[in-house]
Amino acid sequence: MATRDRGLTLNRARYSFWSPFYDHFAGFSGPRRDAIERLALRAGERVLLVGVGTGLDLPLLPPGVDVTGIDLTPAMLARAARRAAPGTKLAVMDAQALDFADHSFDAVILHLILAVVPDGARCLAEAARVLAPEGRMSVFDKFLSDGAAPSLARRIANIPVRLLATDLNRSFGDLLHRSAAPLEIEENLAASWGGFFRRILLRRRGAS
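Residues numbered from 1 in each chain as written. Predicted model: local features only at pLDDT ≥ 70, side-chain atom pairs only at ≥ 80, totals over all residues. Heavy atoms only, no water.

Draft legend 1. Fine view of helix α5 (residues 120-129). Most of α5 is tucked away: eight of the 10 residues are buried. Check the buried side of α5 and you find it contacts β1 (46-50), β4 (105-111), β5 (131-142), α7 (172-179), β6 (183-192) and β7 (197-204). The N-cap residue of α5 is Asp 119: its side-chain oxygen and the backbone nitrogen of Ala 121 are 3.2 Å apart. (Buried < 20%, exposed > 50% of the residue type's maximum accessible area, 1.4 Å probe, protein only. Helix = DSSP H or I, 4+ residues; strand = E, 2+ residues; numbered from the N terminus. Contact = heavy atoms within 4.5 Å. Polar contact = N/O pair within 3.5 Å; in protein donor to acceptor, adjacent residues only side chain to side chain.)

Draft legend 2. Expanded view of the pairing of β6. Across eight bridges, the pairing between β6 and β7 is antiparallel. Across the sheet, the residue bridging to Asn 188 is Ile 200, located in β7. Taken together, β6 and the strand that follows it, β7, pair antiparallel across an intervening segment of four residues, in which Trp 193 is found at a positive phi of about 55°. (Pairing = 2+ DSSP bridges.)

Draft legend 3. Expanded view of the side chain of Glu 126. Mapping Glu 126 onto the fold places it in helix α5. A polar contact of 2.7 Å, which involves the side chain of Glu 126, links it to the backbone nitrogen of Leu 98. Setting aside residues up to four positions removed in sequence, Glu 126 forms contacts with Ala 95, Gln 96, Ala 97 and Leu 98.

Laid out in structure tokens, this is it:
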């Protein structure tokens, strides 16, 4: 628990620092828009944005959905509030321990969060737990190819990058396996930077 607490404290400090500049290096409006469109959200559906950050996904959501955004960092949420439509709920919360009942949301959005949280597998498991039986999940992040070892250059680059912001060397297949989440991959496509970033659409296993 102490290790986890230190990781959360460090991430909150990092992203409090980055919050004024975050939009300049994490925009990715095209991949974000495409990922959200693939969810085919309908009016009245309950949508959870895990790691909502400064709210870059919020203007891309269709009207009429019931939106909740959570983030560990109050400074990020303060900026997200400027983009939030009336009725949007924003809360400070740990993505690895969501304070929601099972099956609370029809769609969960995990954009640029699985490589940031201390335990990406735990974050994915929690997102799956709160997903409704017919729910869909959108993941957009930087991932190492499944089964591939990071190059020397990538390992070296990851030292300062991980200290400052995020991990370059996580693979989604590993996170999904370790999460034991009942999820099926429907699409896993290159989204930006020649496949360095991936856009992944998932559904609950067995859902129609």
